[in-house]
Amino acid sequence: MLRCGILVFLLWAGAVHAAAGDDPLQSPQWTDLKQRYLGAARVVFDPQVVVTGPKVAEDSMNVPVGVKISGLADVRRVLVVADLNPIVKVLEFSAQGALPVLHFRMKLQQGSPVRAMAETADGVWHVGGIWIDASGGGCTAPSVGRGTANWHETLGQVQSRVWPGEQQSRVKVNIMHPMDTGLAPGIPAFFIERLALQDATGREWMRIDTFEPVSENPVFSFDFPGTPPPGLSLVGRDNNGNRINARVAQ
Amino acid sequence: MNHKFQEVDLMKRTLTSVLVAGALFSLAGAPAVAAVTDKDIENDAKSTGDVLSWGLGTQGQRYSPLAKINTKNVKDLVPVWSFSFGGEKQRGQESQPVIHNGRMFVTGSYSRLFALDAKTGKKLWQYEHRLPDGIMPCCDVVNRGAALYDNLVIFATLDAQLVALDQGSGKVVWKEKIDEYSAGYSATAAPIIAKGLVLTGVSGGEFGVIGRVEARDAKTGKMVWVRPTVEGHMGMKDGKENGVSGTTNATWPGDLWKTGGAATWLGGTYDPETGLAYFGTGNPAPWNSALRPGDNLYSCSTVAIDVATGKIVWHFQGTPNDGWDYDGVNEFVTFKSKDGKHLGGKADRNGFFYVLDAKSGKFQKGFPFVKKITWATGLDENGRPKFDPANRPGDPAKSADGKKGTSVFSAPSFLGGKNQMPMAYSPDTGYFYVPANEWGMEIWNEPVTYKKGAAYLGAGFTIKTLDSKEIGGDYIGAMRAIDPATGKIVWEVKNNAPLWGGVMTTKGGLVFWGTPEGYLKAADAKTGKEVWSFQTGSGVVAPPISWEQDGEQYIGVASGWGGAVPLWGGDVAKKVNYLNQGGSMWVFKLHKSGK
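Residues numbered from 1 in each chain as written. Chains lettered and ligands numbered in written order. Predicted model: local features only at pLDDT ≥ 70, side-chain atom pairs only at ≥ 80, totals over all residues.

Peer 1: So what exactly am I meant to see when it comes to the overall build of chain A here?
Peer 2: Looking only at helices and strands, chain A has three helices and 16 strands in total. The C-alpha atoms of chain A give a radius of gyration of 18 Å, which matches the 18 Å a tight globule of 250 residues would have. Judged by the C-alpha coordinates and their principal axes, chain A covers about 60 × 45 × 30 Å. For chain A, buried positions account for 40% of its 250 residues. Sequence-distant contacts, at least 24 apart, represent 69% of the contacts inside chain A between residues at least 6 apart. (Helix = DSSP H or I, 4+ residues; strand = E, 2+ residues; numbered from the N terminus. Rg over C-alpha atoms; globule rule 2.2 N^0.38 Å. Buried ≥ 20, exposed ≤ 12 C-beta atoms within 10 Å, placed from the backbone. Contact = placed C-beta atoms within 7 Å.)

Peer 1: Which parts of the structure should I look at to understand the overall build of chain B?
Peer 2: From N to C terminus, chain B includes six helices and 40 strands. Taken over C-alpha atoms, the radius of gyration comes to 24 Å for chain B, in line with the 25 Å a tight globule of 595 residues would show. Seen through its C-alpha atoms, chain B measures out along the principal axes to roughly 95 × 60 × 50 Å. Considering chain B as a whole, with its 595 residues, one finds that 57% of them fall into the buried category. When contacts within chain B are restricted to residue pairs at least 6 apart in sequence, those whose partners lie at least 24 apart make up 60%.

Peer 1: Looking at this structure, I do not really get unusual backbone geometry. What am I missing?
Peer 2: One can expect most non-glycine residues to show negative phi and most peptide bonds to be in trans. Looking along the chain, the bond that leaves Leu 297 of chain B and enters Tyr 298 of chain B is cis, with omega of -5°. Looking at where Tyr 298 of chain B falls in the secondary structure, it is placed in the loop between strand 18 (276–280) and strand 19 (301–306). Between Ala 411 of chain B and the following residue, Pro 412 of chain B, the backbone shows a cis peptide bond with an omega angle of 0°. In this fold, Pro 412 of chain B is placed in the loop between strand 27 (408–410) and strand 28 (424–425). Non-glycine residue Gln 26 of chain A carries a positive phi angle of around 50°. Checked against the element boundaries, Gln 26 of chain A lands in the loop between strand 1 (16–17) and helix 2 (30–38).

Peer 1: Mind showing me how you'd approach the sheet that holds strand 32 (residues 477–483) of chain B here?
Peer 2: In any sheet, the strands associate via hydrogen bonds between backbone groups, in a parallel or an antiparallel arrangement. All names here are of chain B. An order of 28-29-32-33 is seen for the four strands of this open sheet, with the pairing classed as antiparallel. In the strand order of this sheet, the two ends are held by strand 28 and strand 33 (488–495), each with one partner. With six bridges joining them, strand 29 (residues 432–437) and strand 32 adopt antiparallel strand pairing. Counterpart to Tyr 433 in the pairing with strand 32 is Ala 481. (Pairing = 2+ DSSP bridges.)

Peer 1: Whenever I open this one, the interface of chain A and chain B confuses me. Can you help?
Peer 2: One frequently used descriptor of interface size is the decrease in accessible area upon assembly of the parts. Listed per partner, the contact involves nine residues of chain A and eleven residues of chain B. Across the side of chain A that touches chain B, the residue classes tally to three nonpolar, six polar and no charged. (Nonpolar A, V, L, I, M, F, W, Y, C, P; charged D, E, K, R; others polar.)

Peer 1: Help me understand the sheet that holds strand 23 (residues 352–357) of chain B, please; the structure alone is not making it clear to me.
Peer 2: Residue and element names in this part refer to chain B. What the four strands build is an open sheet, ordered 21-22-23-24; its pairing is antiparallel. Because the sheet does not close on itself, it has two edges, and the strands there are strand 21 (333–336) and strand 24 (363–368). Each neighbouring strand pair of the sheet contributes to a mean axis angle of 25°, computed without reference to strand direction. Note that strand 22 (residues 342–347) and strand 23 share five bridges and pair antiparallel. Among the inter-strand pairings, Gly 345 is bridged to a residue of strand 23, identified as Val 355. (Axes fitted to C-alpha atoms, helices over the stretch in contact; angles between N-to-C directions.)

Peer 1: Explain the environment of Gly 87 of chain B here, please?
Peer 2: Within the secondary structure, Gly 87 of chain B is located in the loop between strand 2 (77–84) and strand 3 (98–100). With 496 residues separating them in the primary sequence, Gly 87 of chain B and Gly 583 of chain B have C-alpha atoms 9.2 Å apart.

Peer 1: What should I look at first to understand the nonpolar core in this one?
Peer 2: One recurring pattern in soluble globular proteins: nonpolar side chains tend to sit buried together. Judged by nonpolar contacts, the single largest core of 169 residues is most densely connected at Ala 147, Ile 154, Ala 277, Tyr 433 and Val 511 of chain B. By size, the runner-up hydrophobic cluster in this structure holds 55 residues, among which are Val 78, Ala 98, Leu 108 and Val 248 of chain A. (Core = buried A, V, L, I, M, F, W, Y, C linked by C-beta atoms within 7 Å.)

Peer 1: I'm lost on the confidence of the model for chain B in this one. Help?
Peer 2: Detailed reading of the predicted coordinates is not advisable wherever pLDDT is low. All names here are of chain B. Here chain B shows a mean pLDDT of 92. Residues at 70 or above account for 94%. Predicted confidence is poor over residues 1–31, with pLDDT under 50, and the contacts of this stretch with residues over four places away or in other chains come to ten contacts. For this predicted complex, the interface confidence reaches an ipTM of 0.77, while the overall pTM sits at 0.88. (pLDDT = per-residue confidence, 0-100.)

Peer 1: Quick question: what am I supposed to make of helix 2 of chain A here?
Peer 2: Owing to its 3.6 residues per turn, the α-helix aligns residues three or four sequence positions apart on the same side. Residue and element names in this part refer to chain A. Looking at helix 2, one finds that the buried residues are Trp 30, Leu 33 and Lys 34. When helix 2 is viewed along its axis, its buried side chains cluster within an angular range of 100° and face the same direction. Seen from the open side of helix 2, the exposed residues pointing more than 90 degrees away from its buried face are Gln 35 and Arg 36. Buried residues along helix 2 sit in contact with strand 2 (43–45) and strand 5 (75–82). (Arc of directions from axis to C-beta.)

Peer 1: What is the right way to look at the pairing of strand 15 (residues 233–238) of chain A in this model?
Peer 2: It is a general feature of regular strands that their side chains alternate between the two faces of the sheet. Residue and element names in this part refer to chain A. What you see with strand 15 is a clean split: Leu 234, Gly 236 and Asp 238 sit on the buried side and Ser 233, Val 235 and Arg 237 on the side with no burial. Here strand 12 (residues 192–198) runs beside strand 15; their pairing, made up of six bridges, is antiparallel. Residue pairing for strand 15: Leu 195 is matched across the bridge by Gly 236. Sheet analysis places strand 15 next to strand 16 (residues 243–247), joined by five bridges and oriented antiparallel. Note on strand 16: the bridge partner recorded for Ser 233 is Arg 247. If you look at the hairpin formed by strand 15 and strand 16, you'll find four residues sitting between the two strands, and Gly 241 has a positive phi there, around 85°.

Peer 1: What am I meant to see in the environment of Gly 416 of chain B here?
Peer 2: Residues and elements named next belong to chain B. Following the sequence through the fold, Gly 416 ends up in the loop between strand 27 and strand 28. For the pair formed by Gly 416 and Ala 436, sequence separation is 20 residues and the distance between their alpha carbons is 8.3 Å. Contacts of Gly 416, omitting those with residues within four sequence positions, involve Tyr 326 and Arg 349.

Peer 1: Any chance you could explain the confidence of the model for chain A here in plain terms?
Peer 2: With 92% of its residues at a pLDDT of 70 or more, chain A shows a mean pLDDT of 89. With pLDDT under 50 throughout, residues 1–14 of chain A is counted as low confidence; its partners more than four residues away or in other chains account for three contacts.

Peer 1: What am I meant to see in the pairing of strand 25 (residues 376–379) of chain B here?
Peer 2: Residues and elements named next belong to chain B. As defined by bridge partners, strand 25 adjoins strand 26 (residues 385–387) across three bridges and the pair is classed as antiparallel. Residue Gly 378 lies in a different strand from strand 26, and its bridge partner there is Lys 386. Taking the residues between adjacent antiparallel strands as the criterion, strand 25 and strand 26 are bridged by five residues, where Gly 383 takes a positive phi near 85°.

Peer 1: Would you mind going over the environment of Arg 103 of chain B with me for this structure?
Peer 2: Residue and element names in this part refer to chain B. Along the chain, Arg 103 turns up in strand 4 (residues 103–108). We classify Arg 103 as partly exposed; it has 19 C-beta atoms within 10 Å. Placed 291 residues apart in sequence, Arg 103 and Gly 394 show a C-alpha to C-alpha distance of 53 Å. Residues contacting Arg 103, with those up to four places away along its chain left out, are Ala 115, Leu 116, Asp 117, Ala 118, Leu 124 and Gln 167.

Below, the structure is given as structure tokens:
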């Protein structure tokens, strides 16, 4: 009876139900990872969840990745994971007015699937992903910032730029932060854990929970339908409680 | 978890029953995460199941009312667990742990905080504060412990910040900057909580900082009041001016008060009965006293601050116009005397023990607690020292080349008759248990000018051991039981190396303390007879604690050699340079034979 229900759902959604062993990326970690992050929830592999990135990462500490979700209604949140990283969870975002699109850079310890898993209002997880090859070591090397004497002075500084458009606009931010993973010997984990784009009234348009595998001095691009809301700022904090609060350039 | 619970229930019950079940669940869940209240903290000295404050109660008596471990059975005290602070940062563990809800919170060197299961030593979480390379702690990368309030555990960091974390998750809830580490500020003391406020001082007396006491809302970190401990500086309350401390230039010449030191680096104590917080203050800056004629208030003093107003109610200065770095931060411990007076005791770095009225600060009694004091011949009827002018380091301006003043040999050394290691008081015996040190120094003055972020001393010095004939043996450390009523040393246990850990005493008639040689020791509180010791594997420079869990009494102490002695040691080095660094937490209880 259960199987029958799945089949009906499958036909209806046009997506492939994700049972153990049917991972299109054939990752040895998928079964465990699914259990750990998605529990018993329904999971489908869905072409509407698109992850973009290089076939081979040039720099394992700065791998450009894009996540774009199109056609799915009521996306609550999107979880990005790298199956074979020592720290699997990369970030989690929730677009609340911004488009469900995010571009960023991350660290890869070795070649790995990079997946986006989007939860819709009905509790179903829609999964898409690609395999990115990498020479590796991105998570266990000290940050460049750790070796410079003045990282403390630039900590949390934000540069931003807006590309306005009538149909769609893009906001790009760069935050100064070492983003140490805690896996390099003798260097404790030190990373941004929360970011949000707020307008002048305090309304959040995009929220991101970030984890250790996000690259040093993180770069994020956000897309807005039409022009971005006025008075936008980027607010957040790291795991030491250091605050980030910067007006986004208009 | 709550969410999941409801989902399961949805399958078999009606919506109403789910809501009822949900409500019951949260009610049942609440007591398990009981928050620490002001009442709990005020009762900390009496409660046995927790240790909520530095000092085992904010009065700082370090007395445990537990007697399950006592003079008769202490020989059966055995280790339960040991926990390594890990990493390569094995240095100077001066922390007193706190205990709440079966969790232990202990800080480590380099601004680390560990949450452990108090019974098993299992690690629950750890927090490692990211430190800039340029931090300037004068006296090693230590931390003396955390404070508990509500669901928070709060501690200060070497880069002069206060961090409050959730006791359960270890996530940072709030963080506030005390001051700029690049100007020489740091923070190593355990905060204390009084009436919902978290009270903290500052470190950096060697860099010309401004000593002060700050009170923040413990739940949010929001500043409530600031009280500078250098005369001439404006206090603040709720964002408004709250009166200058003292009278500008009354006891300081020219502009020197602007970089006057008097750092409150050991934190303070608080007595709910008087409503006063007692903070010791450090040396005036610079060390060269010829530059600053006058008493230099409120350096080398105890200041009593009304927690409600943020104003100084009284002060008592041990070393006016200090010229020896007799940095009087030492804790002021309030107690009830046998004739019913509400008093406080302080074993000052300058070698004198002071007994003052807790409410008014009026001098009651003062006497030496070390055997050799050179700089003063005694105290007058108000407790003011009778200086020996010949024992004050000379003015370099009066020397032939203007570069070095007359050198003198002074005792105690600048590391003090007692330093950061807190003493204990037993209401059972009526004695204070003081970890004292006998040592001296050659000290001379040099010209100096203030430069932001640079050491601001204007003195040279080297520590010397004292003649064994003068002090009755070849030793530096001495655990001394002192009767505040008579001023007599009732008993002492000598120690080869200088004592640098704190003390705890118990209803079980015991006194516990650690030694740089690595031993945690226990002696009979009445007689001083050593009844137990255990080798912890590295020097102990931290105060022990005791608590009760599931009917058993536990003793805990951090081990890890470091602190100021190996950095400034001079002649003393030969007594300590063989000691290895470390970083671990040890916990003990009585052995029970297997059934």
